[in-house]
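Working through the structure, step by step
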Amino acid sequence: AKNDGRGRARTFNRSMLVMLEQREMLRRSLRVALQEKQFFIEYQPLVGLSRGIVGFEALLRWHHPYAGVIPPALFIPMAEADGLMGKIGEWVLEQACREATTWPPHLIVAVNLSPVEFLRNGLTDRIAGILDAVGLPADRLELEITESVLLERTTDNLDVLNTLEVLGIRIALDDFGTHYSSLTYLKNFPFDTIKIDKYFIKDIQTNRKCQIIVQFIIELAHGLGMFVTAEGVENAGEASWLERKKCDRLQGYLLGAPMPAEAIRDFLRQSSFV
Ligand code: C2E
Ligand code: CA
Ligand code: CA
Ligand code: CA
């Protein structure tokens, strides 16, 4: 038989081995990536309902010397597992906040926080220190956290979020609807914004269930006095559907792909939305 067990097993093992070796190589080089200055940030525009630019989300990239640009979904879990995400996350925060001080003062910068960073002690002091050092007003920083952050140590988490709120920092609940989505979070935690994951947006024009879910999230957020951002908006049909439903902010390739810091000035000047 051409598909005998031995042949398949051999092929499988070999590709597994290659994959594992690649992962191991990446993992090892991740340890020096920060000191070797291999990280950079791309910024993706957040666009308001009236098509004005509200700010940019900072998205981390790793330029590996041999493997090229590695997506965050691949290396961030490795960095978290190896205890490296604390330092990397601090670098992102400081870099993004410093960059934002060069933008027009009405624009915010949104920074993703990994659960590992969020649960580290002293988060609020570190953030306050960074804002102070670079001279960015607290209300120009928005932190994006996911629901998984809120699963553990709930009272501590509430303390952290309340302290951030008191400092004037905005908080967005990222990837809403994709994981555990307990409505308790919305009752207990001081979110300014809910971000609807692109998973729900990609079928928004054709899938009745997606439409009902997204419309429900928008109404829920507005009822609670929160803003809503839809991510992954790729075409005009999706944008106009979301605008009709009064979604506050749009983010996606239609409005602007993630871009290097140097491109922001030109983007703002040429943007047809402003
Ligand atoms: P996220 O926070 O949900 O970010 C949105 C992702 O969607 C980004 O992927 C972005 O490039 C992508 N995207 C934007 N517009 C579109 C679109 O129109 N269509 C589609 N299909 N995708 C779009 P990216 O940059 O690969 O980041 C993946 C995830 O990695 C992020 O998901 C976030 O969870 C994480 N991440 C990125 N940067 C950081 C960081 O600095 N710190 C932490 N902790 N996590 C980060
Ligand atoms: Ca995000
Ligand atoms: Ca707030
Ligand atoms: Ca998402």
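Going by the annotation in an unreviewed UniProt entry, the name recorded for the protein is Diguanylate cyclase (GGDEF)-like protein, with Rhizobium giardinii given as the source organism.

1. Observations concerning the environment of V18
When you line up the elements, V18 lands in helix 1 (residues 5-33). A relative accessible area of 41% means that V18 is categorised as partly exposed. Linking V18 and G256, residues 238 residues apart in sequence, is a C-alpha distance of 36 Å.

2. Some thoughts on the environment of L255
The topology assignment puts L255 in the loop between strand 9 (249-250) and strand 10 (259-260). What makes L255 buried here is its relative accessible area of 2%. With 208 residues separating them along the chain, L255 and V47 place their C-alpha atoms 7.0 Å apart.

3. Focus on the site of ligand 1
Close contacts around ligand 1 come from 23 residues, with Q44, R61, K198, E234 and Y253 the closest. In this structure, a nitrogen atom belonging to ligand 1 sits 2.5 Å away from a side-chain N or O atom of E234. For ligand 1, an oxygen atom lies 2.8 Å from a polar atom in the backbone of Y253. Considering ligand 1 on its own, with 810 Å² of exposed area, one finds that the protein chains cover 83% of that surface. The cavity that encloses ligand 1 is the largest pocket. Among the secondary structure elements, those contributing two or more residues to the shell around ligand 1 are strand 2 (53-64), helix 2 (72-81), helix 3 (85-100) and strand 6 (170-176). Ranked by the residues each element gives to the shell around ligand 1, the list is headed by strand 2, at four residues. Taken together, the residues of the shell around ligand 1 break down into ten nonpolar, five polar and eight charged.

Cut-off values and rules
The residue count restarts for each chain, going from 1 along the sequence in the order it is written. The naming scheme follows written order: chains are lettered A onward, ligands numbered 1 onward. Where local features are concerned, this predicted model is filtered to residues with pLDDT of at least 70; where side-chain atom pairs are given and counted, the filter is 80 or more; whole-chain, interface and lining totals use all residues. Calculated side-chain values reflect all of the structure's heavy atoms, with hydrogen atoms and water omitted. Each helix corresponds to a stretch of at least 4 residues labelled H or I by DSSP, and each strand to a stretch of at least 2 residues labelled E; elements are numbered beginning at the N terminus. Each residue is placed in one exposure class: buried if its accessible area under a 1.4 Å probe, protein chains only, is under 20% of its type's maximum, exposed if it is over 50%, and partly exposed if it falls in between. The nearness test applies per residue and asks whether one of its heavy atoms lies within 4 Å of the molecule or strand. Contacts described as polar in this section are N or O atom pairs within 3.5 Å, which, within protein, must combine one atom able to donate a hydrogen with one able to accept it, while residues neighboring in sequence count only if both atoms come from side chains. Method for areas: the Shrake-Rupley scheme with a 1.4 Å probe, in which residue coverage is limited to the protein chains shown. In this analysis the probe radius is 1.4 Å and the grid spacing 1 Å, with only protein atoms considered; a cavity is a set of points the probe fits into but cannot get out of, a pocket is an open set with protein on both sides within 12 Å along at least five of seven lines, and lining residues have an atom within 4 Å of a point. Cavities and pockets are treated as containing a molecule whenever more than half of the molecule's atoms lie within 2 Å of their grid points. Under the convention adopted here, Pro, Cys and the residues Ala, Val, Leu, Ile, Met, Phe, Trp and Tyr are nonpolar, Asp, Glu, Lys and Arg are charged, and Gly plus all remaining residues are polar.

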